[in-house]
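# A structural walkthrough
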Amino acid sequence: MNIPLNIDWQQILLHLLNFAILAGGLYFLLYKPVKDFMDKRTAYYKEMDDQAHARLASADELVKERQQKLDSVEEEIRARRAEAQADADRATEQQLAETREQAAKILADAKANADREHDRMMNAAKRELSELAIASAEKAMRSSKTDSFDQFLNIAEGGNAHDGA
């Protein structure tokens, strides 16, 4: 067989066979284990990423739930604070009303006491005035007789009529 350019087909086929064996060996010995390792590593990191996203989503849900609870607690606190303020206002108004009632009662009692004291003092003053008037009248009646005689004696002795008083 005369092959142009000195090409030996048998040699080419043997080289192709050697290349296929080498490529197959390298594929099974190097490429496939490295590819499997890389796939496992990718799956591991993908799983870690999924877990992280799940945890993040769970944490976000938990944050939202806690925020809702916090908002409801704050609303309840506001309601209780308003209720307590209303109770305090009612208690203050009640105390103020009681204080006003007590003040009115004290003023009424004080007015009644003042009126009684005024009446007592007026009666005492009238009694005292009447006693003084009676005493003056008695004194005037007693002194009118003796004073005239004393005045007469004073004038006779040369004294002033007004000295005896």
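Just above sits the structure.
Figured I'd write up the structure that's included with this text. Predicted model only: the values in this text are computed from it and were never measured.

## Some words on the overall build of the chain
Regarding its fold elements, the chain presents one helix and zero strands. When the accessible surface of the chain is summed, it comes to about 15300 Å², and 61% of that surface belongs to carbon and sulfur atoms.

## Considerations on the packing of aromatic side chains
In total, this model carries three aromatic pairs according to the counting rule given. Taken together, a centroid distance of 5.2 Å and an interplanar angle of 80° make the contact between Tyr27 and Phe28 edge-to-face.

## Focus: a nonpolar patch on the surface
On the surface, Leu5, Ile7, Trp9, Ile12, Leu13 and Leu16 cluster together to form a nonpolar patch covering roughly 650 Å² of accessible area. Along the polypeptide, Leu5 turns up in the segment before α1 (9-157). According to the relative accessible area criterion, Leu5 is exposed, its value standing at 79%.

## What about the pattern of salt bridges?
Two side chains carrying opposite charge are able to pair once their charged atoms lie near each other. Applying the stated criterion across every chain yields a total of nine salt bridges. With its nearest N and O atoms 4.0 Å apart, the salt bridge here joins Glu74 to Arg78. Note that Glu74 and Arg78 are positioned in helix α1 at a spacing of four residues, about one turn of the helix. A salt bridge links Glu75 to Arg78; its shortest N-O distance comes to 3.1 Å. In this pair, Glu75 and Arg78 both sit in helix α1, three residues apart, roughly one turn of the helix.

Conventions we followed
- Residues numbered from 1 in each chain as written.
- Predicted model: local features only at pLDDT ≥ 70, side-chain atom pairs only at ≥ 80, totals over all residues.
- Heavy atoms only, no water.
- Helix = DSSP H or I, 4+ residues; strand = E, 2+ residues; numbered from the N terminus.
- Areas by Shrake-Rupley, 256 points an atom, 1.4 Å probe, with all protein chains shown as cover.
- Phe/Tyr/Trp six-rings, centres within 6.5 Å; stacked < 30°, edge-to-face > 60°.
- Patch = residues over 30% accessible without salt bridge, like charges linked within 9 Å, V, L, I, M, F, W, Y side chains within 5 Å.
- Salt bridge = Lys/Arg side-chain N within 4 Å of Asp/Glu carboxyl O.
- Buried < 20%, exposed > 50% of the residue type's maximum accessible area, 1.4 Å probe, protein only.

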